[in-house]
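# Working through the structure, step by step
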Amino acid sequence: MCPLCGRFVSLSRFDPSFFESDIFAVNVRGLGRGKGFAVSETFSVLGERAVTDPIADRCRVILGVIEGMEVLSGDEGAVLRAEVERWKREAQRERLVGEELFAKLVELEERNSLWRGEVSRLRSQLEERAAELALMEEEALRWKGVASELRAEVGGLRFELAEADEEEDEYDEEEMLASEEMQEILDRINASANADFECLSDAVDFLLEEG
């Protein structure tokens, strides 16, 4: 006996896979007294809740009996389906949020990669500048040594120049004394010879001629 329609059928002829999936209803017309009825119209009633809901509830009960599952009523099933739909929407929303966060993460990783490249470039420049600075410091130390040597040489030259100035002063003084002595000799010759020689050499030549 079918648990849905209540019909008895032989197992040899029982094959529900060939049954129509649609739900049909018919209109009938009478054939006269004692002659029965005839089908005048056949049509689908899938959109008729008054027909489909009892069938759906009965199917749930049958499935629960066969599979050993708890059977929900129509209202409970509707509530459960609404809850499932709500969780589906929530999962969809969370998935969209996750996709947005993943996109932002990818963007941040790209920015991080760019900043790492920039840091690497700046570090290379810093190392180059440090090497250049080290060379400049080494060159500065070398020039400081040269400057120190030049200062020492200038000091020695100044000392030698001061000594040369002192010697020149002594020479000038001796020359002035000799000039005074020569002038004194010239004056004596002019006085004795009653002459007026301006150069000592002329006076000496005169004395040699007078012999």
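### Overview of the overall build of the protein
When helices and strands are tallied, the protein shows 3 helices and 2 strands. Going from the N terminus to the C terminus, the protein shows its helices and strands as β-β-α-α-α. The buried share of the protein, taken over its 211 residues, is 5%. Intrachain contacts of the protein at a sequence separation of at least 6 include 14% that bridge at least 24 residues. Here the protein displays about 18,500 Å² of accessible surface, and carbon together with sulfur accounts for 57% of that area.

### Observations concerning the packing of aromatic side chains
Aromatic ring pairs: the centre-centre distance and the angle between the two ring planes describe each pair. On inspection of all chains with the given rule, the structure shows 0 aromatic pairs. Above the face of the W87 ring, R86 is positioned so that its terminal group lies 4.8 Å from the ring centre.

### Some words on the pattern of salt bridges
Here the structure, examined in full by the defined rule, presents 10 salt bridges. When the shortest N-O distance is used, the salt bridge between R121 and E118 registers 2.4 Å. Note that R121 and E118 are positioned in helix α2 (residues 74-193) at a spacing of 3 residues, about one turn of the helix. Linked through salt bridges whose partners overlap, the residues forming this network are E90, R93 and E94.

### Observations regarding the side chain of T52
Positionally, T52 belongs in helix α1 (residues 49-67). Judged by its relative accessible area of 14%, T52 is buried. Dropping the residues within four chain positions of it, T52 is found in contact with I23, V45 and L46.

### Topic: a nonpolar patch on the surface
Together, V9, L11, F14 and F19 line one region of the surface with nonpolar side chains, adding up to about 420 Å² of accessible area. Structurally, the position occupied by V9 is in the segment before β1 (24-30). The class of V9 is partly exposed, set by a relative accessible area of 31%.

### Quick notes on the environment of T42
Tracing the chain through its elements places T42 in strand β2 (residues 37-44). In this structure, the C-alpha to C-alpha distance between T42 and V28, residues 14 residues apart in sequence, is 9.1 Å. When residues no more than four places from it in sequence are discounted, the contact partners of T42 are F24, A25 and V26.

### Some words on the pairing of β1
With 7 bridges connecting them, β1 and β2 associate as antiparallel partners. Each residue of the ladder has a partner; that of V26, found in β2, is T42.

### Observations regarding α1
Given a rise of 1.5 Å per residue, 19 residues ought to cover 27 Å, and the 26 Å separating the end C-alpha atoms of α1 matches this to within 8%. All of the buried residues along α1 are T52, I62 and G64.

### A look at the confidence of the model for the protein
Any segment with low pLDDT has predicted coordinates that should not be analysed in fine detail. For the protein, per-residue confidence averages 82 on the pLDDT scale, and 89% of positions sit at 70 or higher. Taken element by element, the protein is modelled with least confidence in helix α3 (residues 200-210), mean pLDDT 67, and with most confidence in β1, mean pLDDT 87.

Conventions we followed
- Residues numbered from 1 in each chain as written.
- Predicted model: local features only at pLDDT ≥ 70, side-chain atom pairs only at ≥ 80, totals over all residues.
- Heavy atoms only, no water.
- Helix = DSSP H or I, 4+ residues; strand = E, 2+ residues; numbered from the N terminus.
- Buried < 20%, exposed > 50% of the residue type's maximum accessible area, 1.4 Å probe, protein only.
- Contact = heavy atoms within 4.5 Å.
- Areas by Shrake-Rupley, 256 points an atom, 1.4 Å probe, with all protein chains shown as cover.
- Phe/Tyr/Trp six-rings, centres within 6.5 Å; stacked < 30°, edge-to-face > 60°.
- Lys NZ or Arg CZ within 6 Å of the ring centre and 35° of its normal.
- Salt bridge = Lys/Arg side-chain N within 4 Å of Asp/Glu carboxyl O.
- Patch = residues over 30% accessible without salt bridge, like charges linked within 9 Å, V, L, I, M, F, W, Y side chains within 5 Å.
- Pairing = 2+ DSSP bridges.
- Expected span 1.5 Å × (residues − 1).
- pLDDT = per-residue confidence, 0-100.

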